[in-house]
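Residues per chain, in single letters:
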Amino acid sequence: MKLYGSPGSAAMAPMAVLEHVGAAYDWVRVDLDAGEHLQPEFLALNPKGRVPVLIDGTMTLTESAAICLHLAERFPQAGLLPAPGTLERTRTYEWLFYLSNTLQVALIDWWHPVWLTRDADAQDAVKAGAEKRIGICFELIDAKLAAASNPYCLGAHLTIVDYFLHMTARWSRYLVTPAYAYPAIKRTTDAVRVSPATRRMMEKQAIAEA
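Keep in mind that this is a model prediction, so the values were computed, not measured.

**Structural notes on the overall build of the chain**
On a plain count of helices and strands, the chain comes out with eight helices and four strands. Helices and strands appear in the chain in the N-to-C order β-α-β-α-β-β-α-α-α-α-α-α. In terms of overall dimensions, the chain is globule-like: its C-alpha atoms have a radius of gyration of 17 Å, near the 17 Å expected for 210 residues. Along the three orthogonal principal directions, the C-alpha set of the chain runs to about 45 × 40 × 30 Å. For the chain, buried positions account for 51% of its 210 residues.

**Observations concerning the nonpolar core**
Core analysis: the biggest nonpolar cluster contains 59 residues, and Ile160 and Tyr163 have the highest contact counts within it. Going through the elements one at a time, helix 1 (12-21), helix 3 (64-74), helix 4 (87-111), helix 5 (120-146), helix 6 (160-171), helix 7 (183-193) and helix 8 (196-205) are the ones with two or more residues in this core. Among the elements that line this core, the one with the most residues is helix 6, at eight residues. One finds Tyr4, Phe42, Val53 and Ile55 within the second-largest nonpolar core, a separate group that totals six residues.

**A closer look at the pairing of strand 2 (residues 26-29)**
By the bridge criterion, four bridges tie strand 1 (residues 2-5) to strand 2 in an arrangement that is parallel. Paired with Tyr4 across the bridge in strand 2 is Val28. Chirality of the crossover, the property in question, places the unit of strand 1, helix 1 and strand 2 among those that are right-handed.

**What to know about helix 1**
Helical geometry: 3.6 residues make up each α-helical turn, so side chains three or four residues apart lie on a common side. The buried count for helix 1 comes to nine of ten residues, which makes it a mostly enclosed element. The inward-facing, buried residues of helix 1 abut strand 1, strand 2, helix 3, helix 6 and helix 8. Positive phi shows up at Gly22, right after helix 1, with a value of about 75°.

**Digging into helix 3**
Taken across its eleven residues, helix 3 has eight buried, putting it largely inside the fold. Where helix 3 is concerned, the buried positions are Ser64, Ala65, Ile67, Cys68, Leu69, His70, Leu71 and Ala72. If you follow the buried residues of helix 3, they end up packed against helix 1, strand 3 (53-56), strand 4 (59-62), helix 4 and helix 6.

So, how was this worked out
Residues numbered from 1 in each chain as written. Predicted model: local features only at pLDDT ≥ 70, side-chain atom pairs only at ≥ 80, totals over all residues. Heavy atoms only, no water. Helix = DSSP H or I, 4+ residues; strand = E, 2+ residues; numbered from the N terminus. Rg over C-alpha atoms; globule rule 2.2 N^0.38 Å. Buried < 20%, exposed > 50% of the residue type's maximum accessible area, 1.4 Å probe, protein only. Core = buried A, V, L, I, M, F, W, Y, C linked by side-chain atoms within 4.5 Å. Pairing = 2+ DSSP bridges. Right-handed = clockwise from strand over helix to strand, strands pointing away. Contact = heavy atoms within 4.5 Å.

Here it is as structure tokens:
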């Protein structure tokens, strides 16, 4: 397998999952600042011009959440995904889709307001609006986690949802109120941060927590 991505990008969670399941893979660094994601060679892999991209045999897969789900299903022995048909499996989808469809979108708007407008004043408004949306997400996530006695999103065991939350929490580190300011989120991300898979991922991508 090959995982294409850039340090600190949406490739964080898939790489942590790869490390967790013990799969053999090559890490192919894509220099976004140099525009490598817009070059014909990369666009042939992902016409969307975004990372991450996973090559698994003859299959090319994009979207961070989809890659995490694929890897967890491909390596069920790793226990990163509850069994099909269980309530926990359904909750996995609920968590992952909220993190990717709502929180991740708001974080991308905060980091890249220029993708929405070239007007500097309008960009400030985009960032302010995005930060408000992110705060609402974190309040809801924190309340959900605080209501449980276990540190992880789905209970006592670490899953792909926790790796995804850890990734999006790190993206908030420059906000006025980052994810780590919420006690229950911090409890979960602290637990994920010390996992061997997370540590290896951070070392391979050469990134720090903040």
